[in-house]
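Spelled out from the first residue to the last, the chains are:
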Number of protein chains: 2
Amino acid sequence: MAVGQFELPEFNKIAGLRVGTASAGIKKPGQQDLVIFELADTSTTAGVFTLNAFCAAPVQVARENIKEVKPRYLVINTGNANAGTGSKGLADAKQTCASLAELTQVNPQAVLPFSTGVIGEPLPMDRLLAGLPNALDALDESGWAAAASGILTTDTQPKGATTIFTINGEKVAISGIAKGSGMIKPNMATMLGFIATDASIAQPLLKQLLKEASELSFNRITVDGDTSTNDACMLIATGKSAEVAVEDTAAVAAFREALVSLMQELAWSIVRDGEGATKFVTIQVEEALTRSEALEAAFTVAHSPLVKTALYASDANWGRILAAIGRTPGLENLQVEGVTIFLGDVLLVEEGGRAASYTEEAGAAVMQQEEITLRIKLGRGQAEETVWTCDFSHDYVSINADYRS
Amino acid sequence: MAVGQFELPEFNKIAGLRVGTASAGIKKPGQQDLVIFELADTSTTAGVFTLNAFCAAPVQVARENIKEVKPRYLVINTGNANAGTGSKGLADAKQTCASLAELTQVNPQAVLPFSTGVIGEPLPMDRLLAGLPNALDALDESGWAAAASGILTTDTQPKGATTIFTINGEKVAISGIAKGSGMIKPNMATMLGFIATDASIAQPLLKQLLKEASELSFNRITVDGDTSTNDACMLIATGKSAEVAVEDTAAVAAFREALVSLMQELAWSIVRDGEGATKFVTIQVEEALTRSEALEAAFTVAHSPLVKTALYASDANWGRILAAIGRTPGLENLQVEGVTIFLGDVLLVEEGGRAASYTEEAGAAVMQQEEITLRIKLGRGQAEETVWTCDFSHDYVSINADYRS
C-alpha cells in the first residue's frame, strides 16, 4: 500500500556517472539486489550518515573512506543491512570494497559500501562478491531506473526524482534515487539516498549543500520515529557541466533551490510509501518561540500513535492533537488559549478548544482526502517548521509483525 | 484483550472513608459512570496531576481547590474528560463541586472533581448533577469494588489493590483503584488513581510519599507514549489508625514500602490492560552513567513501534532493540561493544552483536511467554532504571481507529 501511485521519472543522465544493477541472490533469488555507481575521476562526493550510535559496519567504513580518498565507486546491497554484526561485519564491508577495487583497479578506500535489509545476519559474502562482475557489466549512464528498484527492501514502489536547469547559461542536471519505508525518522539522511549532478562543485561546498538540503527534506520526515542504523545519503558532483563555486552566490542559490526541491520530492515519496500508509500528512507548526520548539512540537504530533490512528480512521480528533502538543518536551508555559489549529482550510481549534464555526462535516470532508495538512499555530512567537508523516494502520502492524518471520 | 486475567481483591475497608457509585447516563445508559469518595474530617489528602500543558478543566479545579481547603469529597465521572472545553468546561467543573457541596453542606472548594473519557465534548451537566444524590445514597465503606468499575473507560477489566500490615503494633490498611488503558505515558500519575489508608499522616509527608511512590510505579509505565490531559492520582490518609510521622523513620519506611508495592500493582494492571496488549514487558536498563540516561533508554525502547510490533509477533528481533537504544536522546558516545542484552535468562546480545551462544529456539521459548523481561546492560556505569510496557498489536489500531466514531 502507498498513498497514491508515483511513477519513476525519465531520469536525466549525469555525464561522468554510470550505474549498474544485478541480481546476486542476497534477497530472494532473481531479485535485483546489488547496485554499483561509477564516478568519473573529476567527481567530488559528500555524504551524511545516521547518528544512531549503533551505525552499521558499511556506514563506519564509508564514513572513514570518504575522509581519506576521493570516491570512485559506491556499492550497495539490499536484503542484508550488515548491522549488529561486530568485527565480522566490518571485515565483510572492507572485503567488499577490496574486491571491487581489485576488479576496477582503484584504491580500496575509493570504494564506499552501503547495505540495507535485515539487521544482525552476516552478509552472504560469496554471493555478494560473485555478483560484482555482473553489476559492473551493467554500468550505464541510463542505469538509474534499474538502480531505483535494486536498492528497495520493504518499499512497495521505487523512488526517484530528476531535474534540469541552467546555471550561467549552462545546462545542469540532478538525478536521485532513494529507498525507505519503515524505521524512518532519519537523523542526517534517509535510509539510503543517492543523488548526482554533472555540475562542478568543490567538496566543502557540496557537503554544505547536502547538509542544508537534508535538513529541509529527509530530516523532516518520519514514518514511525525509529532511526535506522544504516541511514546514508550521498551527493555526487561529476564536474562535467557548469561550475558552482562559493563566490558565485547566484549559482549556489540556483543549485540549492533545485537540490532542495529534488530531495524533498524523494523524501515525500518515502513518506507516501511508508509502511502501511494510507495518508500523506503535512504538519506545519507556526508561531513558536524558536524553530527547535516548532520542530519538537511537529514531531511530537507526528509520532503520536493516537493521532496517527485517528488519521487512519479519518477522524478529526483534535483532542488527541492538543494532547500531543501539550506533552511536547521543552514546550514550557504554553498558553492553551493561544493555540489555533487548521485542518486543511477548516478552522478546527481556536483559543485551545473546538472552534465555534467547526462542524464534523467540514472536518470529515478534509479527513477523507489522501493528503492532509495540519497547521498548528502556537500563538507565542514567529518561528515555524514543517514535517511530513503518514498515518498508522493495521498494515503497519502486519508488515512489522511478519517481517523476518 | 488483556495480558492474563486479574480479579479484584477483597478490598480492606478504610475507616473514615466511604465510596458511592451510580449510573448517571454520561456513558451508555445503565453503565456505572459516577463515583463519589467521602473523606472523614480527620483526613489529609495529597495529589499528583498531569504535566500536559493542556490539562483538563477538572484537573485545574482540583489542583486549585486542594491548595485552599482540606478535601472532603472527590467526585469522578467517566464518559467525558471535560478537556479542551475552554471556559465552559471550567464553569462546569466548578458547578459540579458547588452542587455536591450544597448537597453535603461543605465548602465548595472541599470538593475535588475528576473526569475521564472523550476529549472536547461539553459535560452533560443535567445528567451529571441529577446523578449526584444516587451516588451519595450509595456511599459505603465497602464501595471500592463498584467504584473500580465505575471509573473505567476503554479498560477491559477493573483494577484494584489492597494491603494490610502493622505499624508500631497497630493494623494499617491501604486500598486503591486505578483506571487507564490508552494515552498512557503518565507524567506525574496514571490516568486516574485513588488510594486511601486509615493511617494518620500529615499532608507534607503524605505528598512526599505519593510523589516517591508515583515515580516508582505510574511514572515508569507506558502503553503508547501519549500523556493524558486528565492524569491524576490521589492519596488519602483518614487518620483513623496508626500515626506515620516524619520522626518515626521505621514507620515511614514500612508505609512507603507498602504504598510503593500497592501502586506498582495498580500500575502493572494498567499495562496488562493496555489497549490491544498481548504481552507484559519489563525493560530494565543497567550499567548506565546516570539514572536519567537509563530511564531515557528504557522509554526509547518501550516506545519503539518496531520493538513493540516485534514483541507482538514473538520475534526476538534484537536488531530493532539495538537500533532503539542507539537513538536514545542524550546517550552520547555509547560504545556498541559494551552493550549486553538478556531476553529473560537468555543471553541475546554481547559486545554489540548477537551472542555466540544464542539460538533462535532459546529466544523463541522466552518470546512465547506472556510476561517478558528485557535486561539491557549499557556497560558504562552503575545506574539503572526499570519501566513496564506492553506490545503493539492490530487491536491497538482497531481500538483507536474506532474510538469516538
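Everything numeric here is computed off the predicted structure, so don't read it as measured data.

## What to know about the interface of chain B and chain A
Moving on, step 1. In this assembly, 50 residues from chain B lie in contact with 50 residues from chain A.
Moving on, step 2. Approximately 4300 Å² of surface area, both sides summed, lies buried where chain B meets chain A, with 59% of it carried by carbon and sulfur atoms.
Moving on, step 3. Across the chain B-chain A interface, the total number found is two salt bridges.
Moving on, step 4. One salt bridge in this structure joins B:Arg354 and A:Glu121, with 3.6 Å as the shortest N-O distance.
Moving on, step 5. Joining chain B to chain A, the criterion identifies four residue pairs in polar contact (both at pLDDT 80 or more).

## Quick notes on the relation of the copies chain B and chain A
In summary, the two copies of the chain are related to each other by a rotation about an axis coupled with a shift along it.
Moving on, step 1. For the match of chain B to chain A, the screw axis carries a shift of 0.0 Å, the RMSD comes to 0.0 Å, and the turn is 180°. Taken together, the rotation angle and the small translation identify this as a two-fold axis. Among all residues of chain B, the minimum C-alpha distance to the rotation axis is found for B:His394, at 2.8 Å.

## Some thoughts on the sheet that holds strand E11 (residues 232-237) of chain B
The strands making up a sheet associate through hydrogen bonds between their backbones, and the pairing can be parallel or antiparallel.
All names here are of chain B.
Moving on, step 1. Pairing in this open sheet of five strands is mixed, and the strands run E3-E11-E8-E7-E6 from one edge to the other. Both edges of this open sheet fall to strand E3 (44-49) and strand E6 (159-167), since each of them pairs with a single strand only. The sheet shows a mean angle of 10° between the axes of neighbouring strands, taken without regard to direction.
Moving on, step 2. Judged from the nine bridges that link them, E6 and strand E7 (residues 170-179) form a sheet pairing that is antiparallel. When the sheet's bridge partners are listed, Thr166 is paired in E7 with Lys171.
Moving on, step 3. Strands E3 and E11 of the sheet are contacted by helix H5 (residues 203-215), whose axis makes an angle of about 35° with E3.
Moving on, step 4. This element, helix H6 (residues 249-272), spans E6, E7, strand E8 (192-197) and E11 of the sheet and lies at about 165° to E6.

## So, the UniProt feature "binding site: substrate" (unreviewed entry) in chain A
Residues and elements named next belong to chain A.
Moving on, step 1. In this structure's numbering, the residues bearing the UniProt feature "binding site: substrate" (unreviewed entry) are Thr153, Lys179, Thr190, Glu275, Asn400 and Ser405.
Moving on, step 2. Looking at the secondary structure, you find Thr153 in the loop between helix H4 (144-150) and strand E6 (159-167).
Moving on, step 3. Once residues lying within four places of it in the same chain are set aside, the contact partners of Thr153 are Lys27, Thr78, Gly79, Thr116, Gly117 and Lys179.
Moving on, step 4. Here Lys179 lies in strand E7 (residues 170-179).
Moving on, step 5. In this structure the side chain of Lys179 is engaged in a polar contact, spanning 2.9 Å, whose partner is the side chain of Thr116.

## Topic: the pattern of salt bridges
Residues and elements named next belong to chain B.
Moving on, step 1. Tallied over the full model, the rule gives 26 salt bridges over all chains.
Moving on, step 2. Glu212 is paired through a salt bridge with Arg256; the nearest N and O atoms lie 2.5 Å apart. One end of the pair, Glu212, is in helix H5; the other, Arg256, is in helix H6, and 44 residues separate them in sequence.
Moving on, step 3. Accessibility expressed as a relative area gives 27% for Glu212, which makes it partly exposed.
Moving on, step 4. Overall, the relative accessible area of 29% leaves Arg256 in the partly exposed class.
Moving on, step 5. Here Arg380 and Glu293 are joined by a salt bridge, their closest N and O atoms 2.9 Å apart. On the criterion of sequence distance, the pair formed by Arg380 in the loop between strand E17 (371-377) and strand E18 (383-390) and Glu293 in helix H7 (residues 291-303) is long-range, its members being 87 residues apart.

## Structural notes on H7(B)
Residue and element names in this part refer to chain B.
Moving on, step 1. In this model, H7 (13 residues) spans 18 Å end to end at C-alpha, consistent with the 18 Å of a helix rising 1.5 Å per residue.
Moving on, step 2. Among all positions of H7, only Glu293, Ala294, Leu295, Ala297, Ala298, Phe299, Thr300, Val301 and Ala302 are buried.
Moving on, step 3. Those residues of H7 that are buried are in contact with strand E10 (221-222), strand E13 (280-288), helix H8 (305-312), helix H9 (318-326), E17 and E18.

## A closer look at H9(B)
Note on helix geometry: an α-helix contains 3.6 residues per turn, so any two residues three or four positions apart are oriented the same way.
Moving on, step 1. Counting buried residues along H9(B), nine of its nine residues qualify, which places the element largely inside the surrounding structure.
Moving on, step 2. For H9(B), the full list of buried residues reads B:Trp318, B:Gly319, B:Arg320, B:Ile321, B:Leu322, B:Ala323, B:Ala324, B:Ile325 and B:Gly326.

## Digging into the pairing of strand E11 (residues 232-237) of chain A
Residues and elements named next belong to chain A.
Moving on, step 1. Among the six residues in E11, six count as buried, and that is most of the element.
Moving on, step 2. Burial of the side chains of E11 extends over both faces: Ala232, Met234 and Ile236 are buried on one face and Cys233, Leu235 and Ala237 on the other.
Moving on, step 3. In the sheet, strand E3 (residues 44-49) pairs with E11 via six bridges, with the strands oriented antiparallel. If you follow Thr44 over to E11, its bridge partner there is Ala237.

## Overview of the pairing of E18(B)
All names here are of chain B.
Moving on, step 1. Summarising burial for E18: six of the eight residues are buried, a large majority.
Moving on, step 2. Taken together, the two bridges between E10 and E18 define a ladder with parallel strand orientation. Within the sheet, the bridge partner assigned to Ile221 lies in E18 and is Trp388.

## Some details on the packing of helix H5 (residues 203-215) of chain A against helix H6 (residues 249-272) of chain A
Residue and element names in this part refer to chain A.
Moving on, step 1. Relative orientation of the contacting elements H5 and H6 amounts to 45°, with a least axis distance of 9 Å. As the angle between them shows, H5 and H6 are arranged oblique. Between H5 and H6 lies a crossing whose hand is right-handed. Each of Leu205, Gln208, Leu209, Leu210, Glu212, Ala213 and Ser214 in H5 lies in contact with H6, whose residues at this interface are Val252, Phe255, Arg256, Leu259, Val260 and Met263.
Moving on, step 2. The class makeup of the residues in the contact of H5 with H6 is nine nonpolar, two polar and two charged.

## Focus: the domain arrangement of chain A
Residues and elements named next belong to chain A.
Moving on, step 1. Entries for chain A in the domain assignment read domain 1 (17-272) and domain 2 (280-402).
Moving on, step 2. One C-alpha centre belongs to domain 1, the other to domain 2, and the line joining them spans 33 Å.
Moving on, step 3. With 14 residues of domain 1 in contact, the opposing surface of domain 2 contributes 15 residues.
Moving on, step 4. Taking both partners together, domain 1 and domain 2 bury about 1300 Å²; carbon and sulfur atoms supply 62% of that area.
Moving on, step 5. On the surface where domain 1 and domain 2 come into contact, there are one salt bridge.
Moving on, step 6. As a salt-bridge pair, Glu371 and Arg272 come within 2.3 Å of each other at their nearest N and O atoms.
Moving on, step 7. Counting across the domain 1 and domain 2 interface gives one residue pair in polar contact (both at pLDDT 80 or more).
Moving on, step 8. Elements represented by at least two residues in the side of domain 1 that touches domain 2 include exactly strand E10 (221-222) and H6.
Moving on, step 9. The biggest single contributor to the side of domain 1 that touches domain 2 is H6, with four residues.
Moving on, step 10. For the side of domain 1 that touches domain 2, the residue count by class is five nonpolar, five polar and four charged.

## Notes on the sheet that holds E6(A)
Residues and elements named next belong to chain A.
Moving on, step 1. Strand order in this open sheet of five strands is E3-E11-E8-E7-E6, and the pairing throughout is mixed. Across the chains shown, the open sheet's two edge strands, defined by having one partner strand only, are E3 and E6. Neighbour-to-neighbour, the strand axes of this sheet turn through a mean angle of 10°, independent of strand direction.
Moving on, step 2. As paired elements, strand E8 (residues 192-197) and E11 share six bridges and run parallel to each other. Bridge pairing in E11 links Leu192 to Ala232.
Moving on, step 3. Strands E3 and E11 of the sheet are contacted by helix H1 (residues 57-68), whose axis makes an angle of about 140° with E3.

## Looking at the packing of aromatic side chains
In this description, an aromatic ring pair is defined by two values, namely the gap between the centres and the angle between the planes.
Moving on, step 1. Tallying each qualifying case throughout the model produces 15 aromatic pairs over all chains.
Moving on, step 2. Seen from their ring centres, B:Phe114 and B:Phe194 are 5.2 Å apart, and the 85° between their planes marks the pair as edge-to-face. Here B:Phe194 lies in strand E8 and B:Phe114 lies in strand E5 (residues 111-118), a separation of 80 residues in the sequence. Each member of the pair, B:Phe114 together with B:Phe194, is buried.
Moving on, step 3. Considering the side-chain rings of B:Phe392 and B:Tyr396, the 4.7 Å spacing of their centres and the 85° angle between planes classify their relative orientation as edge-to-face.
Moving on, step 4. The buried category is assigned to B:Tyr396, whose relative accessible area is 1%.
Moving on, step 5. Among the aromatic residues, those joined into a ring-pair cluster are A:Phe11, A:Phe37, A:Phe114, A:Trp144 and A:Phe194.
Moving on, step 6. If you follow B:Arg272 out to its NZ or CZ, it ends over the ring of B:Phe280, 4.2 Å from the centre.

Rules used throughout
Residues numbered from 1 in each chain as written. Chains lettered and ligands numbered in written order. Predicted model: local features only at pLDDT ≥ 70, side-chain atom pairs only at ≥ 80, totals over all residues. Heavy atoms only, no water. Contact = heavy atoms within 4.5 Å. Buried area = accessible area lost by both parts, 1.4 Å probe. Salt bridge = Lys/Arg side-chain N within 4 Å of Asp/Glu carboxyl O. Polar contact = N/O pair within 3.5 Å; in protein donor to acceptor, adjacent residues only side chain to side chain. Least-squares fit on C-alpha atoms with pLDDT ≥ 70 in both. Pairing = 2+ DSSP bridges. Helix = DSSP H or I, 4+ residues; strand = E, 2+ residues; numbered from the N terminus. Axes fitted to C-alpha atoms, helices over the stretch in contact; angles between N-to-C directions. UniProt positions renumbered as here; feature names shortened; annotations may be inferred. Buried < 20%, exposed > 50% of the residue type's maximum accessible area, 1.4 Å probe, protein only. Expected span 1.5 Å × (residues − 1). Parallel < 35°, antiparallel > 145°, perpendicular 65-115°, else oblique. Left-handed = near helix turned anticlockwise from the far one by under 90°. Nonpolar A, V, L, I, M, F, W, Y, C, P; charged D, E, K, R; others polar. Domains from an automatic or database assignment. Phe/Tyr/Trp six-rings, centres within 6.5 Å; stacked < 30°, edge-to-face > 60°. Lys NZ or Arg CZ within 6 Å of the ring centre and 35° of its normal.

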